[in-house]
Amino acid sequence: MNRSDLIAASKQLLLAGAALSCAFGVQADSEIDVKQLSQDIEHQVIEWRRDLHQYPELSNREFRTSKVIKQHLESLGLEVTSNIAHTGVVGILKGGKPGPLIALRADMDGLPVKEEVDLPFASKATDTYRGQEVGVMHACGHDTHVAILMGVAQNLVKIKEQLSGDVMFIFQPAEEGAPEGEEGGAELMLKEGLFANRKPEKIFGLHVTSSMPTGMIGLRAGPAMASEDSFTITVNGKQTHGSRPWNGVDPIVTSAQIINSVQTIVSRQVDVTAAPAVVSFGAINGGIRSNIIPDEVELIGTIRTFDQDMRADIKLRLANSATMIAQSMGASATTKIDQGYPVTVNNPELVAQMKPVLAGVVGDEMLIEPGLITGAEDFSYYALETPGLFFFLGVTPKGTDHTTAPSNHSPRFYVDESALVVGVEALTQLAVTSL
């Protein structure tokens, strides 16, 4: 082989190596060092997080939060649209080369929880929730999600000329659910045309969790989080004195029969080998005295499933059980089901593509496949529109047992801030690899 042949062969090997590196999310271009970019802004991301944590806001009331986000995105030179779904903010980054649009999402809202963590930036905020004054806290870590995505936006702006495509940054309100009588969250953002002009080719999101050690990433293909539907069963009987039950129709005893029967929907009526399911009652309201059988009892509960067909089947069986059992006892029952979030499904092909990328960020030993999570997420609405990937980031510090650490939504929920830079690097790398 002569010298020119050797040079040509060397070039081919270099090109092949670069392509292979890019395919697995490994740094191929010395000018794009995602890890260093992320480390350079770690302090700023933590400062953003602490500010947001100190001033949390409830769903559809994220006015200060959206203002902070809007100012940051505008300072980066992005195309910014605000007031989507009340307080949502969307920024568009145009890459230097033609290519697809991808989306990255963070949720913004806090919870009606009074903080019990002793931090210098602990929340002292209060607001009104269901007519009561309550403490407000980022007890689910949405402050970290916002800060991480703000950091990712800053990273990608620095390398935008090398990106073959565009990025949509979605800062979403009301993931925890809109106030009663209002719409909100991902469903409303889509309803108001979030993807109407140009639908992203794929969408990524993350959620911090105390159930894993700091820096660990959990990723599961297919169904990952449950659907959520709440229901109210109103049982109507006929009031009578407690000493003469034969003169009336007892809705309390009828309700007891309904509760017992509904437990057999999951245990005896649906194929739980196909997917797990849960039907739980959370409240029973009826009666005022020991010696008065009331006219009416209200039963409130929740349904969780990992399969959309099973979801529809359980809702039908629930209503039928309530109606037929009430009739058999001379009473009547009406069932109202409030449809909540769909099943959160991670696109299997997208997971297969991006799993090596996340492994490259945290290492194979720190990337796990978690079990099914019966909690629900409205990221699921986006994933119904375009292939989605939603992963979990551990935030429980070394020396603390993550199996007993206060969970998300706890007033003692604690975030190890050293995990934030991992989230920034992971989302940035997913975007860079995609573009």
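One structure accompanies this document, and this report is about it.

Criteria and cut-off values
Residues numbered from 1 in each chain as written. Predicted model: local features only at pLDDT ≥ 70, side-chain atom pairs only at ≥ 80, totals over all residues. Heavy atoms only, no water. Helix = DSSP H or I, 4+ residues; strand = E, 2+ residues; numbered from the N terminus. Buried < 20%, exposed > 50% of the residue type's maximum accessible area, 1.4 Å probe, protein only. Contact = heavy atoms within 4.5 Å. Areas by Shrake-Rupley, 256 points an atom, 1.4 Å probe, with all protein chains shown as cover. Lys, Arg positive; Asp, Glu negative; His and termini not counted. Charge placed at Lys NZ, Arg CZ, Asp CG, Glu CD. Pairing = 2+ DSSP bridges. Axes fitted to C-alpha atoms, helices over the stretch in contact; angles between N-to-C directions. Polar contact = N/O pair within 3.5 Å; in protein donor to acceptor, adjacent residues only side chain to side chain. Salt bridge = Lys/Arg side-chain N within 4 Å of Asp/Glu carboxyl O. Expected span 1.5 Å × (residues − 1).

Quick look at the overall build of the chain
When its secondary structure is counted, the chain shows 11 helices and 18 strands. Taking all 435 residues of the chain together, 51% fall into the buried category. Look at the contacts in the chain between residues 6 or more apart in sequence, and 82% of them connect residues 24 or more apart. Surface exposure of the chain reaches about 19,900 Å², of which carbon and sulfur atoms provide 51%. Mean positive and mean negative side-chain charge positions of the chain (34 and 52 charges, respectively) differ by 1 Å.

Examining the sheet that holds strand 6 (residues 164–172)
In space, the 8 strands of this open sheet follow the order 1-2-6-3-7-18-8-17, with mixed pairing throughout. At either end of the open sheet lies a strand with only one pairing partner, and these are strand 1 (79–84) and strand 17 (367–368). When strand 2 (residues 88–94) meets strand 6, the two strands line up antiparallel, connected through 6 bridges. Among the inter-strand pairings, Gly91 is bridged to a residue of strand 6, identified as Phe169. Along the sheet, helix 9 (residues 348–362) makes contact with strand 7 (202–213), strand 8 (217–218), strand 17 and strand 18 (388–396), crossing strand 7 at roughly 50 degrees. Along the sheet, helix 11 (residues 420–434) makes contact with strand 3 (97–107), strand 7, strand 8 and strand 18, crossing strand 7 at roughly 155 degrees.

Points about the environment of Thr305
Positionally, Thr305 belongs in strand 14 (residues 296–305). C-alpha separation for the pair Thr305 and Val343, spaced 38 residues apart in sequence, amounts to 7.2 Å. Apart from residues no more than four positions distant in its own chain, Thr305 is found in contact with Ala226, Ser227, Pro276, Ala277, Arg311, Ile314 and Val343. Within the structure, the side chain of Thr305 is placed 2.7 Å from the side chain of Ser227, a separation counted as a polar contact.

Re the pattern of salt bridges
Enumeration over the complete set of coordinates arrives at 21 salt bridges. The closest approach of N and O atoms between Arg49 and Asp143, which form a salt bridge, is 2.9 Å. Separated by 94 residues along the polypeptide, Arg49 in helix 3 (residues 42–54) and Asp143 in helix 5 (residues 142–158) bring together distant segments of the chain. With relative accessibility at 3%, the residue Arg49 sits in the buried group. For Asp143, a relative accessible area of 1% corresponds to the buried category. For Glu417, the salt bridge is made with Arg50, and the minimal N-O distance between the two is 2.7 Å. With Glu417 in the loop between strand 18 and helix 11 and Arg50 in helix 3, this pair connects stretches of sequence that are 367 residues apart. Owing to a relative accessible area of 10%, Glu417 belongs among the buried residues under this scheme. Judged by relative accessible area, Arg50 falls into the partly exposed class, the value being 32%.

Here we look at the sheet that holds strand 15 (residues 332–339)
Within a sheet, each strand pairs with its neighbour through backbone hydrogen bonds, oriented either parallel or antiparallel. Taking strand neighbours across the sheet as the criterion, the 4 strands line up as 12-14-10-15 in an open arrangement whose pairing is antiparallel. Each of the sheet's edge strands pairs with one partner strand only, and the pair in question is strand 12 (277–285) and strand 15. Taking each pair of neighbouring strands and ignoring which way they run, the sheet shows an average axis angle of 20 degrees. Relative to strand 14, strand 10 (residues 227–236) is paired through 10 bridges, and the arrangement is antiparallel. By the bridge assignment for strand 14, Ser227 is matched with Thr305. Sitting on the sheet, helix 7 (residues 251–269) is in contact with strand 10, strand 12, strand 14 and strand 15, with an inclination near 165 degrees to strand 12. Along the sheet, helix 8 (residues 308–328) contacts strand 10, strand 12, strand 14 and strand 15; its crossing angle with strand 15, the most-contacted strand, is approximately 160 degrees.

Describing helix 8
Owing to its 3.6 residues per turn, the α-helix brings residues three or four apart onto one side. Taking 1.5 Å of rise per residue, 21 residues should cover 30 Å, and helix 8 covers 31 Å from first to last C-alpha, within 8% of that figure. On its buried side, helix 8 packs onto strand 10, helix 7, strand 12, strand 14 and strand 15. Two or three places before Asp309, at the opening of helix 8, Asp307 has a side-chain oxygen 3.0 Å from that residue's backbone nitrogen. Just downstream of helix 8, Gly330 is the residue with a positive phi angle, here 80 degrees.

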